[in-house]
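Here is what each chain is made of, one letter per residue.
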Amino acid sequence: MDGNLRKYFGRLTGGMAAIAALALLVTAAPASADPGDEIPVGTRLAARTHPAVQLTSITYSGEVVVPSSQAKEAAWDQLTNEATQAVLAGKIPSDERSIAKFLFQRVASDVDRYLQPVGPERTVKAQVGGMCTGWWVTPDGYMVTGAHCVQMSDQELSQTFAQQALEKFNKQDAKDMINALRNFEADKEMIELVQQIYVTFNSTHLEIRGLQKSLSVLQSLPGGGVDKTAKEVPAELVSVGESYPGKDFALLKVNGQQNLPTVPLGEDADVQTGDTLYISGFPGLVTNTPWFSVESKLDPALTEGPYNAKRSTQEGVPYIQTQAPSYHGNSGGPVFSRAGKVVGMLIAGTVSENGEASENESFVLPVSIIKEKLNEKNVKSSASLTTTKYNEALDDFFQRHYKDALPKFREVQALFPSHPYVAKYITDSQQAISSGKDETPQPMWVWIAVGAGALILVGGGLLLLILMRRRKKDSASPGQSPSPAYGGPYPGPNSGGGYPVQVGGGYDRQPVNGQVLPQGWQPQSLPPAGGPARTAGGYEAPRPGGYDRRPDGHDRQRPGADYDPQRPDGATQYVRPAPYGQQRPHAMPGQAPADAGAPDVADLEREIAELRRQLQHRPPEA
């Protein structure tokens, strides 16, 4: 290969590589997601973490025994005298209602001073409890929640039974006391005051016999979905700390579990003042309200708010203060950073004077305490395969890659049939695909194949173009006489002189059997060597000796025509005119000129540039 060809093929190789790279770029680049469709942090976080957040339940059951009440006569006589003196002194009005209100207020302030327990005993079977939030930390059933969610003190238990199990007794006892006051019409305020007297008396003197406690987690049945098919699954108490303001932590174990969805643990240093915190859990204002469906009650709520400050109790227990709203029932719920890792557990909130929770402040036990308690029981938090696949499927789903997400969601359902949300995602993905909303990109191997095909196509086209041009130039530069089948060169004055290729007249002309034909014109037949000067088709062969026939019938010599020296083998040597001032190399005997058949580099480079331009303007779906 000479220098010109080597240089030409070097340029050609670089051009083909550039075209192939451009083709891959144009065809393989998938459409990027619209920045305006960015999924909010809370939406992604809720989707990822809610499957691991569960509603927990603590239940106490037993037989509640409450004595009857009787007034202490001496104390009531003294109280009556005090009421009389107050009326005479003008401290209270003299009407019956005002006097009764004075008496009941004094009794409510010190119930045991005026009432005493007597027989007969009254019994009722009762079951009381509360709802909290827990979350899975291992695929085999370890769950974290708050200490106050799994145990009650004796005082709390008595109050709970008094409020939930003794309501019937409290109302009846209040009614009996009011009826003892003859011809007295009690209003709503008076009735509530008297009922409060017996709430205090009955809760103080009640006795619970055969007390039993149970802990459970509400899980959906196989098939998925958070709905009324949820059932209580018994949980075992493995470890419990001290209720707030202590290390309010508890560890539960639900046996027979596998592939449970889990949430990852972070570090205390993951968040600091000013960062946004996210609380997941089950607010009691929903779970304890009859107006909402069971499906609604079993779906966690997500709230968010700023990290306000780091606090410490008098016992030295660290807590995080946040303005993320929380309510009764949120206790034990995980608190997340923006990255979706647990940074603490919701334990307490501020309570108003009337006992209602305030949204202003919530207190979070840091994740370092949670890890400390887990290590004491040699429990290591870990991600399940269910969670890994589910998160991958969610990533595809939020990018509208529904065809990629669908098989992953189905795999999650196979791993954990009771998954509460995957069934809906499967349905949503199928509907999105059916409605033409899928934007799943083609696999990489497809784009590689397309790019390779484009490379082959471009390369093949260029190679064919090279061969065609080379063949054309070889034909346009005669290096030897016509084929011997036609009887050798036409005779001329020098016996065997030939005719050089004609240039001009607006045609690219190539010799055909020693004759020059206009471009695009094909003769019906070619005259044999030494045949008649004019064929049957009317085509006149070139005149020998470089002469042309004039219109008047006379011959004229062709300008610049001259005889070419013959090669030793008898074939005529053709020399293509060189540009002015450029000396063409002399061909050796039996060899064509050095540049005969060399590709036109400029033409090829122009065509390559045109191919590049066309590829750049191809539509994205091409």
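Procedures and definitions
- Residues numbered from 1 in each chain as written.
- Predicted model: local features only at pLDDT ≥ 70, side-chain atom pairs only at ≥ 80, totals over all residues.
- Heavy atoms only, no water.
- Helix = DSSP H or I, 4+ residues; strand = E, 2+ residues; numbered from the N terminus.
- Buried < 20%, exposed > 50% of the residue type's maximum accessible area, 1.4 Å probe, protein only.
- Contact = heavy atoms within 4.5 Å.
- Areas by Shrake-Rupley, 256 points an atom, 1.4 Å probe, with all protein chains shown as cover.
- Salt bridge = Lys/Arg side-chain N within 4 Å of Asp/Glu carboxyl O.
- Axes fitted to C-alpha atoms, helices over the stretch in contact; angles between N-to-C directions.
- Parallel < 35°, antiparallel > 145°, perpendicular 65-115°, else oblique.
- Left-handed = near helix turned anticlockwise from the far one by under 90°.
- Nonpolar A, V, L, I, M, F, W, Y, C, P; charged D, E, K, R; others polar.
- Pairing = 2+ DSSP bridges.
- Polar contact = N/O pair within 3.5 Å; in protein donor to acceptor, adjacent residues only side chain to side chain.
- Disulfide = S-S within 2.5 Å.
- Phe/Tyr/Trp six-rings, centres within 6.5 Å; stacked < 30°, edge-to-face > 60°.
- Lys NZ or Arg CZ within 6 Å of the ring centre and 35° of its normal.
- Core = buried A, V, L, I, M, F, W, Y, C linked by side-chain atoms within 4.5 Å.
- Expected span 1.5 Å × (residues − 1).
- Arc of directions from axis to C-beta.

Caption draft 1: Region of interest: the overall build of the chain. The number of helices and strands found in the chain is 16 helices and 17 strands. The buried share of the chain, reckoned over its 622 residues, is 39%. Across the chain, every contact between residues at least 6 apart in sequence was considered, and the portion connecting residues at least 24 apart equals 72%. Element-wise, carbon and sulfur atoms account for 51% of the exposed surface of the chain, whose accessible area totals about 34,500 Å².

Caption draft 2: Expanded view of the pattern of salt bridges. Within this structure, the stated rule accounts for 17 salt bridges. For Glu376, the salt bridge is made with Lys373, and the minimal N-O distance between the two is 3.9 Å. Of this pair, Glu376 and Lys373 both sit in helix H11 (residues 367-376), 3 residues apart, which is roughly one turn of that helix. Judged by its relative accessible area of 14%, Lys373 is buried. The partner of Glu392 in a salt bridge is Lys389, and the shortest N-O contact between them spans 4.0 Å. Here Glu392 and its partner Lys389 are both found in helix H12 (residues 385-398), 3 residues apart, which amounts to about one turn of the helix. Owing to a relative accessible area of 32%, Glu392 belongs among the partly exposed residues under this scheme. Among the residues examined, Lys389 registers a relative accessible area of 21% and is labelled partly exposed. Ionic contacts of the salt-bridge type, sharing partners, join the residues Arg97, Lys101, Asp187 and Glu189 into one network.

Caption draft 3: Representation of the packing of H12 against helix H14 (residues 422-434) within the structure. Orientation of H12 relative to H14, taken along the N-to-C sense of each, is 30°, at an axis distance of 12 Å. By the criterion of interaxial angle, the relationship of H12 to H14 is roughly parallel. The crossing of H12 and H14 is left-handed. Touching Tyr390, Leu394 and Phe397 of H12 are Tyr425, Asp428 and Ser429, all from H14. Split into classes, the residues belonging to the contact of H12 with H14 amount to 4 nonpolar, 1 polar and 1 charged.

Caption draft 4: Spatial organisation of the sheet that holds strand E3 (residues 142-145). Taken together, the 7 strands give an open sheet; going across it, the order is E5-E4-E1-E2-E3-E7-E6, and neighbouring strands pair in antiparallel fashion. The strands lining the two open edges of the sheet, one partner per strand, are strand E5 (231-234) and strand E6 (236-240). Between one strand axis and the next, the sheet turns by 35° as a mean value, whatever way the strands run. Of the strand pairs in this sheet, strand E1 (residues 53-71) and strand E2 (residues 115-136) are connected by 18 bridges, and their pairing is antiparallel. Residue Gly62 lies in a different strand from E2, and its bridge partner there is Ala126. Sheet strands touched by helix H6 (residues 154-164): E1, E2 and strand E4 (207-219). Its angle to E2, the strand with the most contacts, is close to 105°.

Caption draft 5: Expanded view of the side chain of Ser98. Turning to its location among the elements, Ser98 is positioned in helix H4 (residues 96-109). Assessed through its relative accessible area of 17%, Ser98 is described here as buried. Within the local environment of Ser98, its side chain forms a polar contact with the side chain of Asp95, the two groups lying 2.7 Å apart.

Caption draft 6: Quick peek at the state of the cysteines. This structure, assessed with the given rule, holds 1 disulfide. With its sulfur 2.3 Å from that of its partner, Cys132 forms a disulfide with Cys149. Residues Cys132 and Cys149 are joined through a disulfide that is left-handed, its torsion about the S-S bond being -80°. Residue Cys132 is located in strand E2, and its partner Cys149 is located in the loop between E3 and H6; the two are separated by 17 residues in the primary sequence.

Caption draft 7: Looking closely at the packing of aromatic side chains. Throughout the structure, instances matching the rule amount to 10 aromatic pairs. Between the aromatic rings of Tyr390 and Tyr425, the centroid separation amounts to 6.1 Å while the plane-to-plane angle is 70°, which identifies the pairing as edge-to-face. Taken together, the residues Tyr390 in helix H12 and Tyr425 in helix H14 connect sequence positions 35 residues apart. A relative accessible area of 15% means that Tyr425 is categorised as buried. An angle of 10° between the planes, with centres 5.2 Å apart, marks the rings of Phe409 and Tyr425 as stacked. A residue pair is termed long-range when its members are at least 10 positions apart, and Phe409 in helix H13 (residues 402-415) and Tyr425 in helix H14 qualify at 16 residues. An aromatic cluster is defined as three or more aromatic residues linked by ring pairs; in this entry it consists of Tyr390, Phe397, Phe398, Tyr402, Phe409 and Tyr425. Cation over ring: Arg122 sits above Phe169, and NZ or CZ is 5.1 Å from the ring centre.

Caption draft 8: Structural detail: the nonpolar core. Counting residues in hydrophobic clusters, the biggest one holds 49 residues, and the most contacted among them are Trp135, Val144, Phe161, Phe249, Met345, Leu365 and Leu374. Listed in part, the 23 residues of the second largest apolar core include Leu103, Val107, Ala174 and Ile197.

Caption draft 9: A look at helix H7 (residues 167-179). Taking 1.5 Å per residue, 13 residues should reach 18 Å; H7 reaches 19 Å between its end C-alpha atoms and fits that length. Considered for burial, the residues of H7 that qualify are Phe169, Asn170, Asp173, Ala174, Met177 and Ile178. Projected onto a plane normal to the axis of H7, the buried residues spread over an arc of 165° and lie on a single side. Counted as exposed and oriented over 90 degrees from the buried face of H7: Lys168, Lys175 and Asn179. Where the residues of H7 are buried, they touch E1, helix H3 (73-88), H4, E2, H6 and helix H8 (188-205).

Caption draft 10: Just helix H2 (residues 41-49), in detail. Within H2, burial applies to Gly42, Leu45, Ala46, Ala47 and Thr49. Summarising the contacts, the buried residues of H2 are in contact with E1, strand E8 (276-281), strand E9 (301-312), strand E11 (334-336), H12 and H14.

Caption draft 11: Just the packing of H2 against H12, in detail. In contact at an axis separation of 10 Å, H2 and H12 are set at 145° when each is read in the N-to-C sense. Seen from above, H2 lies across H12 with right-handed handedness. Taken together, the residues of H12 that come into contact with H2 (itself represented by Thr43, Arg44, Ala47 and Arg48) are Tyr390, Asn391, Leu394, Asp395 and Phe398. For the contact of H2 with H12, the residue count by class is 4 nonpolar, 2 polar and 3 charged.

Caption draft 12: Structural view of the environment of Lys171. Locating Lys171 in the fold gives a position in helix H7. Of the residues examined, Lys171 reaches a relative accessible area of 45% and is grouped as partly exposed. In this structure the C-alpha to C-alpha distance between Lys171 and Ile191, which are 20 residues apart in sequence, comes to 8.9 Å.

Caption draft 13: Highlighting the pairing of E1. The element E1 is largely enclosed, with a buried count of 14 among its 19 residues. Two elements, E1 and E4, share 9 bridges in a ladder whose sense is antiparallel. The residue bridging Val64 from the neighbouring strand is Ile208, located in E4.

Caption draft 14: Structural detail: unusual backbone geometry. Between Gly119 and the following residue, Pro120, the backbone shows a cis peptide bond with an omega angle of 0°. For Pro120, the position within the fold is in strand E2. Cis peptide bonds are those with omega within 30 degrees of zero, and the linkage from Tyr244 to Pro245 qualifies with 15°. Assignment of secondary structure puts Pro245 in the loop between E6 and strand E7 (250-253). Phi is positive for Asn259, close to 60°, though the residue is something other than glycine. Mapped onto the elements, Asn259 comes out in the loop between E7 and E8. Residue Asn378 is not a glycine yet carries a positive backbone phi of 55°.

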